[in-house]
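# Inside the fold
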Amino acid sequence: MFVDKAKIYVKGGDGGDGLVAFRREKYVPEGGPAGGDGGRGGDVIFRVDEGLRTLMDFRYQRHFKAERGVKGRNKSQHGANAEHMIVRIPPGTVLIDDDTQEVIADMTRHGQQVVVARGGRGGRGNTRFATANNTAPELAENGEEGQERYIVMELKVMADVGLVGFPSVGKSTLLSVVSAAQPKIGAYHFTTITPNLGVVDVGDGRSFVMADLPGLIEGASEGVGLGHEFLRHVERTRIIIHVVDMSGSEGRDPFEDWVKINDELRQYNAGLIDRPQIVAANKMDMPESEANLIAFREKVSELRPDMEIMPISSLTRQGVQELLYRATDVLDSIPVAPVVEEVAETKERKVYKLEAEEDNSFTITRDNDAFVVSSPRIERMLKRMQLSTHDAILKLARTLRHMGVDAELRKRGAVEGTIVRIADFEFEFVENSSYY
């Protein structure tokens, strides 16, 4: 099954917690703090593997969580950093942040990789908090939470040659004739509903990858039918072979077919109209094809004198080999680098939700008899600090006092015993004290 779109959840590993510990050797008096830092959590990294062709794996596994860092140890030993999680993806995958709709990366080269969720930093152990005034601190931090996000993955087939055209013009038949691919072929529209890939051996030592792209219809650029699902794959092809039913067996005019499909390509992506294009005038074995071809050439020459038109018949294989030779010659004359979306360098765009710069801003609201304090800085501090020790409470109280929270609470009417809520914590306000 060909799967070309998936939505997944990724989360970097949490950092390991720091440790509160002290040296207790027999002959080391006043040994001091010896708690080590926690290890860093693992990153979630997407890496391109050219052996993959679809996003099928992501239909069954949608959650990717990296391991958390190891906790700090005594004797000032640092906890081990977690291993990064490597997720293999096929070339041609575009990664989009589901919340902001920002393109994170356009993955096209084998081995290319990008970090989509960074692991959290490890918490500091009490060794880090020792000062001249506090030589034996009982302070340590929890590990930082890893970044998490939902990512939409869109696969754009990377082929050298893309076959486009209305339904039932013979694209699948042509692919089956020139390669070992076995696409579904039927006498009805939209037999092909997902791209089919085939490796074409031209016969002179050269080869290329051809993609049979599902049939387009008028209005596809606006999403009519499965327009966007189909047109997405045309963007990555190096050249386009536009297959036209020259017999008019479906009751349509070949020239109008050609005009409509090119209009849809232009409306979807203006750059596609400049992509090298060869018109494969198919079904030349049918009775009225010769007359239609003459009229078709005259009309096309008025709009695009440079457009190359090659008569073929996928059924009898008439002109098919000449078409392959010509397609190979065109491929040899253009760059091999795939056409990719313009995505700014990582340092120039916001890929991760970085922590806000430290500031002392806060807001205080009233909730019945309690005061609710909101501040990004304080809330981050509460997440990091291990508030199970007296030293940690004192540090929090000093921070609140320096930020001006104490004074503002008094101004709002806080008295002894008033409840103060910050994030998930609840304290009692105490007058003339260094902590709540």
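Sequence positions are assigned chain by chain, starting from 1 and proceeding in written order. It should be noted that, the model being predicted, local features are given only for residues of pLDDT at least 70 and side-chain atom pairs only at 80 or more, the latter also being counted only at that level, while totals for whole chains, interfaces and linings use all residues. To obtain the side-chain values, all non-hydrogen atoms of the structure were included, while hydrogens and water were left out.

Per an unreviewed UniProt entry, the recorded name for the chain is GTPase Obg, and the organism is Paenibacillus helianthi. UniProt positions are given in the numbering used here, feature names are shortened, and annotations may be inferred rather than shown by experiment. Within the UniProt record for the chain, the comment given under Cofactor (unreviewed entry) is "Mg(2+)". Per UniProt, the chain has the following entry under Subunit (unreviewed entry): "Monomer."

## Quick word on the confidence of the model for the chain
Interpretation of the predicted coordinates at a detailed level should be avoided for regions scoring low in pLDDT. Looking at the chain, the pLDDT average stands at 81 and 85% of residues meet or exceed 70. Mean pLDDT across the elements of the chain ranges from a minimum in helix H3 (residues 227-234), with 63, to a maximum in strand E3 (residues 63-65), with 95. Scored between 0 and 100, pLDDT is the confidence that the predictor attaches to each residue. Any pair of residues with heavy atoms lying within 4.5 Å of one another is described as a contacting pair. For residues 183-193, every residue scores under 50 in pLDDT, and the model assigns this stretch 27 contacts once sequence neighbours within four places are set aside. Per-residue pLDDT stays below 50 along residues 342-357; that stretch engages in 24 contacts with residues further than four places along the chain or on separate chains. Secondary structure counts use DSSP, requiring at least four H or I residues in a row for a helix and at least two E residues in a row for a strand, with both numbered from the N terminus.

## Considering the sheet that holds strand E6 (residues 103-107)
Strand pairing follows a simple DSSP-based rule, namely that at least 2 bridges must link the two strands. Taken together, the five strands give an open sheet; going across it, the order is E3-E1-E8-E5-E6, and neighbouring strands pair in mixed fashion. Unpaired on one side and paired on the other, E3 and E6 mark the two borders of the sheet. Averaged over all pairs of adjacent strands, the angle between strand axes in this sheet comes to 25 degrees, irrespective of strand direction. Sheet topology note: the strand E1 (residues 5-11)/strand E8 (residues 148-155) ladder contains seven bridges and is antiparallel. When the bridges of E8 are listed, Lys7 appears paired with Val152. Think of each axis as a best-fit line through the C-alpha atoms, taken over the contacting stretch in the case of a helix, with angles from 0 to 180 degrees between the N-to-C directions.

## Structural notes on the pairing of strand E5 (residues 93-97)
Within E5, five of the five residues are buried, which leaves it mostly tucked inside the rest of the structure. Burial of the side chains of E5 extends over both faces: Thr93, Leu95 and Asp97 are buried on one face and Val94 and Ile96 on the other. Bridging between E5 and E6 involves four bridges; their strand directions are antiparallel. Bridging from a neighbouring strand, Ile96 pairs with Val103 of E6. The pairing of E5 with E8 spans five bridges and is antiparallel. Looking at the pairing, Ile96 lines up with Val152 of E8. Here's how the labels work: a residue is buried when its accessible area is under 20% of the maximum for its type, exposed when over 50%, partly exposed in between, all with a 1.4 Å probe on protein chains only.

## Focus on the sheet that holds strand E7 (residues 113-117)
Ordered by their spatial adjacency, three strands build an open sheet running E4-E2-E7, and the pairing between neighbours is mixed. Both edges of this open sheet fall to strand E4 (85-89) and E7, since each of them pairs with a single strand only. In this sheet, neighbouring strand axes are inclined to one another by 30 degrees on average, regardless of whether the strands run parallel or antiparallel. Where strand E2 (residues 44-48) and E4 come together, five bridges link them in parallel fashion. Each residue of the ladder has a partner; that of Ile45, found in E4, is Ile86.

## Let's talk about the UniProt feature "binding site: Mg(2+)" (unreviewed entry) in the chain
Following the UniProt record, the feature "binding site: Mg(2+)" (unreviewed entry) maps to Ser172 and Thr192 here. Secondary-structure assignment places Ser172 in helix H2 (residues 171-178). With relative accessibility at 11%, the residue Ser172 sits in the buried group.

## Considering unusual backbone geometry
Even without being a glycine, Lys75 presents a positive backbone phi close to 60 degrees. Relative to the helices and strands, Lys75 is located in the loop between E3 and E4. In this model, Arg317 sits at a positive phi of 70 degrees, which is unusual for a non-glycine residue.

## Digging into the nonpolar core
Grouped together as the largest cluster of nonpolar side chains are 36 residues, with contacts concentrated most on Leu174, Phe208, Met210, Ile241, Leu323 and Leu324. Counting only elements with at least two residues in this core, the list comes to strand E9 (161-164), H2, strand E11 (207-212), H3, strand E12 (239-245), helix H4 (254-268), strand E13 (277-282) and helix H6 (320-332). The leading source of residues in this core is H6, at six residues. When residues no more than four places from it in sequence are discounted, the contact partners of Ile241 are Val161, Gly162, Leu163, Val164, Met210, Ile278, Ala280, Leu323 and Ala327. Throughout this description, the term nonpolar core refers to a set of buried Ala, Val, Leu, Ile, Met, Phe, Trp, Tyr and Cys residues connected via side-chain atoms within 4.5 Å. Ranked by size, the runner-up nonpolar core spans 22 residues in total, among them Phe64, Leu95, Ala105 and Val114.

## Let's talk about the pairing of E1
A large share of E1 lies buried, amounting to five of its seven residues. Relative to E3, E1 runs parallel, the two being bridged by three bridges. Opposite Lys11, over in E3, you have Lys65 as the bridge partner.

## Topic: the environment of Lys11
With respect to the secondary-structure elements, Lys11 resides in strand E1. In contact with Lys11, not counting residues within four places along its chain, are Val44, Phe64, Lys65, Ala66, Ala117, Gly146, Gln147 and Glu148. For Lys11, the side chain forms a polar contact with the side chain of Asp14, separated by 2.6 Å. For this analysis, a polar contact is any N or O atom pair within 3.5 Å, provided that within protein one partner can donate a hydrogen and the other can accept it, and provided that sequence-adjacent residues contribute only side-chain to side-chain pairs.

## Things to note about the pattern of salt bridges
The term salt bridge refers to a pairing of a side-chain nitrogen on Lys or Arg with a carboxyl oxygen on Asp or Glu at a separation within 4 Å. Under the criterion given, the structure shown has 24 salt bridges. In this structure, Asp49 and Arg88 form a salt bridge, with 2.4 Å as the shortest nitrogen-oxygen distance. Taken together, the residues span a long stretch of sequence, with Asp49 in the loop between E2 and helix H1 (57-60) and Arg88 in strand E4 at a distance of 39 residues. Residue classification places Asp49 among the buried residues on the basis of a relative accessible area of 16%. In this structure, Glu426 and Arg421 form a salt bridge, with 2.9 Å as the shortest nitrogen-oxygen distance. We classify Arg421 as partly exposed; its relative accessible area is 29%. Because the salt bridges share partners, they merge into one network encompassing Arg124, Glu141 and Arg384.

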